[in-house]
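# Structure at a glance
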Amino acid sequence: MTYKLITTFLLTISITTNSVAQVKPQRLWFNKPATQWEETIPVGNGRLGMMSDGGVLRENVVLNDITLWSGGVQDANNYEAHKSLPDIRKLLLEGKNDEAQQLVNKNFVAKGAGSGHGDGADVPFGCYQVLGNLRMQFAYKGVDSSNIQFQNYKRELSLNDAVASLVYTVNGVTYRREYFTSFGDDIGIIKISADKPGQLNLRLGLDRPERSETVVKNNALEMSGQLNNGTDGKGMKYLTKIKPQVKGGELAVSDKQLVITDADEIMLYFSAGTDFKTKNFETETQRWIDVAVKKSYIVQKRNHIANYQQFFNRTMLYLGGSKGDNLPTDQRLSAFQKDPGSDNELPVLFFQYGRYLSISSTRVGLLPPNLQGLWANQIQTPWNGDYHLDVNIQMNQWPVEVVNLSEFNLPLADLVKGMVKPGEKTAKAYYNADGWVAHVITNVWGFTEPGEEASWGASNAGSGWICNNLWEHYAFTLDKNYLKDIYPILKGAAEFYNSALVKDPKTGWLVTAPSISPENSFYLPNGKTAAICMGPTVDNQMTRELFTNVITACEVLGVDGALKTSLQNKLKQLPPPGVVGSDGRLMEWLEEYKEVEPKHRHIAHLYGLFPAPLITPEKTPELAAASAKTLEARGDDSPGWSKAYKLLFWARLHDGNRANKLLKELLVPTLDTNMNYGAGGGVYPNMLVAGPPFQIDGNFGGTAGIAEMLIQSHDGYIDILPAMPDAWKASGEVKGLKARGNFTVNFKWENGKVTDYQVLSKTPQKVWVKVNGEKKEVTSTH
Ligand code: FUC
């Protein structure tokens, strides 16, 4: 068999929807209004978000601004903590982890309320919050509102255009609404129309569960307020405006509502801002409206779509045809569980939805997606809607490089930049160490202290783990300027571990202490339980990877020779990438403890398998086998994000069928919103992943997992179809996935065999590629 390496200019393969005729338009759709928030459709432009329930009589649109956080900057460091360090370490060396844990809880946690045990809305840590609700109450001429009948109802989200729409008929009149958060003018737009003139009658209100005042000014709704900073109550300020433009009919003010009667067409402009980083947010909020209202809807929508498609259209995926798109998405999800083979386009939809959600929930120069992306309907969001550093924020970023949305990694780098200074204080306060450190949680205010409870809050790995995401942007792009920019962050993180590691006398290895393996605990020989330990495997693997990357950065940038030598020496003293226990599993701790929860959702000790490239089936087959055993023991059923995590691990182990099993189980439909730490994750009808509750990392982890089944590039070569499930073998095509080294890769397959592929780069380069089991060096094309 011969394989072609087609030499094409990168520019000539720019992918448009037209060129991929076999892929149907990607959409979510429903034939009824949402009855709970988890059925509503998310739109967002990286700052503003809207989720409409598509109500016929009463419609609620949940509004978001990604910067809207309570809490504030604080210093919760316990500057005496380091004084307890020798005692904590001594107890650990004596095997008295339970006593060490007591001491950590007493002297080695954040001062004050910390995260408020995940309910931090009113403490200084704060939480991400809903901005408000736009409420619309419709009336239909000659129709009794208490007995409304509607036909031909269809609510839809087009992933191709990032436009949501609604159509239905009442009393012979067809009504339409369209929604988008413009990537052109940074404003939300809702267009309401009917196919006959003078039919639109509605009341508009704007509210929020707390800390808000709504007024009507210049025929617009204005809601403003100030959130709690957890100290003097004077936290972040915000302003939201809803400006209607009405064709035909009348607009009147009634108390704090706007009343529109007999209109032909209505445009609603949603603008918002906070003083998070924009001092003049009030004038900006008005300015966005002033700019937008001058443009025709057609121009506005065209600009929005063009701006969005420059990202979305970079990647195409086809896994074979399907009949599933004929079903509403909620029914389609159920049908998929019964007969997954009949709908290979559902995984494609989930994959492209993940890309859509990345584009929509973060933007260059602003914030990375939080636990909710940017969509929240509560004041107290679950786990504060924060940035969890023991897998969740990292998982949010896992797809972006490989799915060709590389710039969406940059907001994370900005967030982390802001953690360095506070993290230096934390490093000194707790470890008397150099560099900077962060533990398990952070927020938009630069929180780096340990959490308020040792069992989950004492992980040392947060800062190092987040550096993996920062490094991956370099690995994929080879952008030296970017590397220069983030180098101080990486260096500071490495300096922390370099100065804080201690020698484990039993093994002679240098390890973290005290730390935990996220968020698991174990039985001590005395029958007591503890989480606090020395050298959990994740810390060891992460330190190894970080030191290796910083050494490479020193070489690429030609800087810090002394640091490089020091890290090279330390590398030799670190624990190996994994140790296999007597039961064949990869050990989670230095000791072979029995875990309290054998099926724990976290599996951070496989960090070396994913995201780090330390364990691979080829280079470390024994550790790969031990990783598989570990995963078997953990089991598959778990919160949504954890299923996505396991999907990624199995993809890295090249077990496509097992990865696909996890994908199917991730897509189990649910409407449950009760907080869950065990089995039972899935997706809501709107395909947002349920822990439950909604947590967007499962979407991003699942998207990354699908990409990882199709292409991998972490082991020194580009591996095409490394974890292909039988279900996808018949035929398929990929365009525009990325590989490390700044390669763009396209390929097609039939009957499980790659039939054609292209490796593209800006300048021709030699690169190793594995295709159909054969590894060879090829030259990429210009
Ligand atoms: C960790 C996980 C939970 C949840 C939360 C946001 O605490 O253990 O399952 O994902 O983060």
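Residues numbered from 1 in each chain as written. Predicted model: local features only at pLDDT ≥ 70, side-chain atom pairs only at ≥ 80, totals over all residues. Heavy atoms only, no water.

The name given to the chain in an unreviewed UniProt entry is Glycoside hydrolase family 95 protein, with Dyadobacter fanqingshengii as the source organism.

### Considerations on the overall build of the chain
Cut-off, in case you're wondering: Numbering of helices and strands starts at the N terminus; helices are DSSP runs of H or I of at least 4 residues and strands are runs of E of at least 2. In this treatment the radius of gyration is a C-alpha quantity, and the globule benchmark scales as 2.2 Å times the residue count to the 0.38 power. The rule is simple: take the accessible area with a 1.4 Å probe, protein chains only, and divide by the maximum for that residue type; under 20% is buried, over 50% is exposed, in between is partly exposed. Two residues qualify as a contact provided that any one of their heavy atoms is within 4.5 Å of a heavy atom in the partner residue. Areas reported as accessible are Shrake-Rupley estimates using a 1.4 Å probe. Residue values count occlusion only from the protein chains shown.
Each helix and strand in the chain was counted, giving 17 helices and 33 strands. For 782 residues, the compact-globule estimate of 2.2 N^0.38 gives 28 Å, and the C-alpha radius of gyration of the chain, at 26 Å, lies within 12% of that figure. In terms of overall dimensions, the chain has a C-alpha envelope of 85 × 70 × 50 Å along the principal axes. Counting the 782 residues in the chain, one finds 64% classified as buried. When contacts within the chain are restricted to residue pairs at least 6 apart in sequence, long-range pairs at least 24 apart make up 68% of them. Of the roughly 27,000 Å² of accessible surface on the chain, 50% is carried by carbon and sulfur atoms.

### A word on the UniProt feature "domain: Glycosyl hydrolase family 95 catalytic" (unreviewed entry) in the chain
Heads up, the condition is: UniProt positions are given in the numbering used here, feature names are shortened, and annotations may be inferred rather than shown by experiment.
According to UniProt, the "domain: Glycosyl hydrolase family 95 catalytic" (unreviewed entry) feature falls on residues 300-710. Within residues 300-710, the helical portion is 47% and the strand portion 5%, while the C-alpha atoms at the span's ends are 36 Å from each other.

### Regarding the domain arrangement of the chain
Basically, it comes down to this: Bear in mind that the domain bounds are from an automatic or database domain assignment. The term buried area denotes the loss of accessible surface (1.4 Å probe radius) that occurs when two parts are joined, taken as the sum for both partners. We define a salt bridge as a side-chain nitrogen of Lys or Arg found within 4 Å of a carboxyl oxygen belonging to Asp or Glu. Side-chain atoms alone can form a polar contact between residues adjacent in sequence; in general such a contact is a pair of N or O atoms within 3.5 Å, and within protein one must be able to donate a hydrogen while the other accepts it. Three classes are used: nonpolar for Ala, Val, Leu, Ile, Met, Phe, Trp, Tyr, Cys and Pro, charged for Asp, Glu, Lys and Arg, and polar for all others, with Gly counted as polar.
What the domain assignment reports for the chain is domain 1 (1-26 + 322-361 + 635-782), domain 2 (31-69 + 126-313) and domain 3 (79-110 + 398-622). Using C-alpha coordinates to define each centre, domain 1 is positioned 29 Å away from domain 3. The partner domain 3 presents 30 residues to the 36 residues of domain 1 that form the contact. A combined buried area of about 2,900 Å² lies between domain 1 and domain 3, and 63% of that area is made up of carbon and sulfur atoms. Summed over the three residues of domain 1 that lose the most area to domain 3, namely Y645, F649 and R652, the buried surface amounts to 21% of that side. Joining domain 1 to domain 3, the criterion identifies four salt bridges. A salt bridge links E472 to R740, with the nearest nitrogen and oxygen atoms 2.5 Å apart. Counting the contacts that link domain 1 with domain 3 gives 14 residue pairs in polar contact (both at pLDDT 80 or more). Among the elements of the structure, α6 (345-361), α15 (640-652), α17 (697-710) and β29 (731-739) are those that each provide at least two residues to the side of domain 1 that touches domain 3. Top contributing element to the side of domain 1 that touches domain 3 by residue count: α15, with seven residues. A breakdown of the residues in the side of domain 1 that touches domain 3 according to their chemical character gives 16 nonpolar, eleven polar and nine charged.

### Considering the packing of aromatic side chains
What describes a pair of aromatic rings is the distance from one ring centre to the other and the angle between the planes of the rings. Under the convention used in this document: Two aromatic rings, drawn from Phe, Tyr or Trp (for Trp, its six-membered ring), form a pair once their centres lie within 6.5 Å of each other, and the interplanar angle then sorts them: stacked below 30 degrees, edge-to-face above 60, tilted otherwise. Whether a charge sits over a ring depends on NZ of Lys or CZ of Arg being within 6 Å of the ring centre and within 35 degrees of the ring normal.
Within the structure shown, the criterion is met by 33 aromatic pairs. Ring geometry for W69 and F125: centres 6.5 Å apart, planes at 70°, overall edge-to-face. With W69 in the loop between β4 (58-65) and α1 (85-93) and F125 in the loop between α2 (97-107) and β5 (132-139), this pair connects stretches of sequence that are 56 residues apart. The pair W69 / F125 is uniform in exposure class, with both members buried. Relative to F496, the ring of Y431 has its centre 5.1 Å away and its plane inclined at 80°; by these criteria the two rings are edge-to-face. With Y431 in helix α8 (residues 410-431) and F496 in helix α11 (residues 480-500), the pair connects residues that are 65 residues apart, well separated along the chain. Note on accessibility: Y431 and F496 belong to one class, buried. Ring pairs connect the aromatic residues F138, Y140, F150, Y153, Y168 and Y175, which therefore count as one cluster. In this structure, K154 packs its charged tip against the face of W29, placed 5.0 Å from the ring centre. Cation over ring: R177 sits above F138, and NZ or CZ is 3.9 Å from the ring centre.

### A closer look at the packing of helix α4 (residues 297-312) against α6
What counts, and what does not: Each axis is a line fitted through C-alpha atoms, taken for helices only over the stretch in contact, and angles between the N-to-C directions span 0 to 180 degrees. Roughly parallel means an angle under 35 degrees; roughly antiparallel means over 145; roughly perpendicular covers 65 to 115; every other angle is labelled oblique. Crossing handedness follows the turn of the near helix against the far one: under a right angle anticlockwise gives a left-handed crossing, and clockwise gives a right-handed one.
Running from N to C, α4 and α6 cross one another at 125°; their axes reach a closest spacing of 10 Å. Taken together, the axes of α4 and α6 are oblique relative to one another. The hand of the α4/α6 crossing is right-handed. The segment α4 lies against α6, with Y308, F311 and F312 engaging Q352, R355, Y356 and I359. Taken together, the residues of the contact of α4 with α6 break down into five nonpolar, one polar and one charged.

### Observations regarding the UniProt feature "domain: Glycosyl hydrolase family 95 N-terminal" (unreviewed entry) in the chain
What UniProt calls "domain: Glycosyl hydrolase family 95 N-terminal" (unreviewed entry) maps, in this numbering, to residues 28-278. For residues 28-278, the end-to-end C-alpha separation is 35 Å, with 8% helix and 45% strand making up the annotated structure.

### Overview of the site of the ligand
Note the threshold: Being near a molecule or strand, for a residue, means having at least one of its heavy atoms within 4 Å of it.
Taken together, L371, W383, H388, N392, E519, R601, H602, W641, Y677 and Q695 form the complete shell of residues around the ligand. Between N392 and the ligand, the recorded distance is 3.3 Å, taken from a side-chain N or O atom to an oxygen atom. E519 has a polar side-chain atom sitting 2.9 Å from an oxygen atom of the ligand. About the coverage of the ligand: the protein hides 97% of its 290 Å² of free accessible area. Considering only residue class, the shell around the ligand consists of four nonpolar, four polar and two charged. Residue assignment places the shell around the ligand across two domains, with domain 1 (1-26 + 322-361 + 635-782) and domain 3 (79-110 + 398-622) each supplying three or more.

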